[in-house]
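Observations on chain architecture
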Amino acid sequence: EAGVAQSPRYKIIEKRQSVAFWCNPISGHATLYWYQQILGQGPKLLIQFQNNGVVDDSQLPKDRFSAERLKGVDSTLKIQPAKLEDSAVYLCASSFRREGSGNTIYFGEGSWLTVV
Amino acid sequence: KNQVEQSPQSLIILEGKNCTLQCNYTVSPFSNLRWYKQDTGRGPVSLTIMTFSENTKSNGRYTATLDADTKQSSLHITASQLSDSASYICVVSVNTGFQKLVFGTGTRLLVSP
């Protein structure tokens with residue numbers, strides 16, 4: 001079974017530039033998550049999709065971050081303009097369904113962003 | 001406020017030794033508790049998932065326990081190997097109609113030869 005695919009793996013940009021990350025979840029997984037993980041901290045949820053609808057984006061800095069999941073499969077996360085504090089790993093994850101106990105959430109390898 | 005706290009923050013043990021990592025949570029309503037292993041530069045990988053009614057679950061040399069009354073969990077690693085060096089993250093799922101995960105900050109384990 002193919003895992004959660006993310007690209008690019010690494011990105012270095014200057015502050016005020018823009019960047020986009022792409023995620024392809026495991027086939028058949030309805031729920032997709034984007035997390036931000038700053039070095040030394042646990043992941044923080046940015047946005048959660050159920051199919052192509054947003055179920056939680058309460059911690060997404062909407063003035064600079066945007067995400068979409070067209071057709072309920074792939075997703076992109078965009079940052080524009082980037083700030084130094086956006087330097088982090090951006091993790092995409094997916095799970096089969098949104099509810100119920102015990103369904104495993106699978107993470108991608110992450111996209112490492114450095115803003116200089 | 002939903003919170004997950006882990007201890008110790010970091011740990012160094014000798015190869016072959018056992019160790020236990022702790023997780024305390026204040027999450028309501030509780031759905032399940034997960035332990036993830038995160039190697040440096042990689043995404044988290046699920047080790048165990050426990051629901052309210054489960055008090056122990058094993059995955060190879062990893063054994064997780066859950067005490068829902070005291071809201072505590074532990075992850076015991078037996079006969080540690082160099083490849084166990086990683087961060088171990090405790091994650092509690094909140095039952096809000098959809099899964100909302102609350103992450104701990106992790107315990108960084110270094111297994112030394």
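Right above here is the structure, for reference.
Cut-offs and rules
Residues numbered from 1 in each chain as written. Chains lettered and ligands numbered in written order. Predicted model: local features only at pLDDT ≥ 70, side-chain atom pairs only at ≥ 80, totals over all residues. Heavy atoms only, no water. Helix = DSSP H or I, 4+ residues; strand = E, 2+ residues; numbered from the N terminus. Rg over C-alpha atoms; globule rule 2.2 N^0.38 Å. Buried < 20%, exposed > 50% of the residue type's maximum accessible area, 1.4 Å probe, protein only. Pairing = 2+ DSSP bridges. Core = buried A, V, L, I, M, F, W, Y, C linked by side-chain atoms within 4.5 Å. Axes fitted to C-alpha atoms, helices over the stretch in contact; angles between N-to-C directions. Contact = heavy atoms within 4.5 Å. Buried area = accessible area lost by both parts, 1.4 Å probe. Salt bridge = Lys/Arg side-chain N within 4 Å of Asp/Glu carboxyl O. Polar contact = N/O pair within 3.5 Å; in protein donor to acceptor, adjacent residues only side chain to side chain. Lys, Arg positive; Asp, Glu negative; His and termini not counted.

Looking at the overall build of chain B
The helix and strand inventory of chain B stands at 0 helices and 11 strands. Walking chain B from its N terminus toward its C terminus, one meets helices and strands in the order β-β-β-β-β-β-β-β-β-β-β. In summary, chain B has a C-alpha radius of gyration of 14 Å against a globular reference of 13 Å for 113 residues, a match within 12%. Its C-alpha atoms give chain B principal-axis dimensions of about 45 × 25 × 20 Å.

Some thoughts on the environment of Ser66 of chain A
All names here are of chain A. Examined against the element boundaries, Ser66 turns out to sit in strand β7 (residues 65-68). Relative accessible area serves as the criterion here: at 37%, Ser66 is assigned to the partly exposed category. Sequence-wise, Ser66 and Gly53 are 13 residues apart; in three dimensions their C-alpha atoms are separated by 14 Å.

With respect to the pairing of strand β5 (residues 44-50) of chain A
All names here are of chain A. Counting buried positions along β5 gives 6 out of 7 residues, so the element sits mostly inside the fold. As paired strands, strand β4 (residues 31-37) and β5 are joined by 6 bridges and run antiparallel to one another. Across the sheet, residue Leu32 finds its bridge partner in β5, namely Phe49. Between β4 and β5, which pair antiparallel in sequence order, lie 6 residues; one of them, Gly40, sits at a positive phi of approximately 85°. Linking two consecutive strands that pair antiparallel, namely β5 and strand β6 (residues 53-56), is a turn of 2 residues; a positive phi of about 55° is found at Asn51 within it.

Regarding the nonpolar core
Ranked by size, the top nonpolar core spans 26 residues in total, and within it Val4, Tyr25, Leu33, Trp35, Leu75 and Tyr88 of chain B carry the most contacts. Put simply, the parts of the chain that give this core at least two residues each are β3 (19-26), β4 (30-38), β5 (45-51), β7 (62-67), β8 (72-77), β9 (86-95) and β11 (107-112) of chain B. Membership of the second largest hydrophobic core comes to 21 residues, among which are Val4, Ile26, Trp34 and Phe65 of chain A.

So, the sheet that holds β7 of chain A
All names here are of chain A. One open sheet holds the 4 strands; their spatial order is β1-β3-β8-β7, and the pairing between them is antiparallel. Where the open sheet ends on each side, the last strands, each with one partner, are β1 (5-7) and β7. Strand-to-strand twist across the sheet, computed as the mean angle between neighbouring axes with direction ignored, equals 15°. As paired elements, β1 and strand β3 (residues 19-24) share 3 bridges and run antiparallel to each other. Among the inter-strand pairings, Ser7 is bridged to a residue of β3, identified as Trp22.

Section: the interface of chain B and chain A
The interface of chain B with chain A comprises 21 residues on the first partner and 25 residues on the second. Across the chain B to chain A interface the summed buried area is about 1900 Å²; carbon plus sulfur atoms make up 50%. Scanning the region where chain B abuts chain A turns up 2 salt bridges. Glu109 of chain A is the partner of Arg42 of chain B in a salt bridge, and the nearest nitrogen-oxygen pair spans 2.6 Å. On the surface where chain B and chain A come into contact, there are 6 residue pairs in polar contact (both at pLDDT 80 or more).

A word on the side chain of Arg69 of chain A
All names here are of chain A. In this structure, Arg69 sits in the loop between β7 and β8 (75-79). Although Arg69 is buried, it forms no salt bridge, and the closest oppositely charged side chain is Asp74 at an N-O distance of 7.3 Å. At 2.5 Å, the side chain of Arg69 and the backbone oxygen of Ala30 are in polar contact. Engagement of the side chain of Arg69 in a polar contact is seen with the backbone oxygen of Val73, the distance being 2.9 Å. In this view, Arg69 contacts Pro25, His29, Ala30, Thr31, Leu32, Phe49, Gln50, Asn51, Asn52, Asp74 and Ser75; residues no more than four positions away in its chain are not counted.

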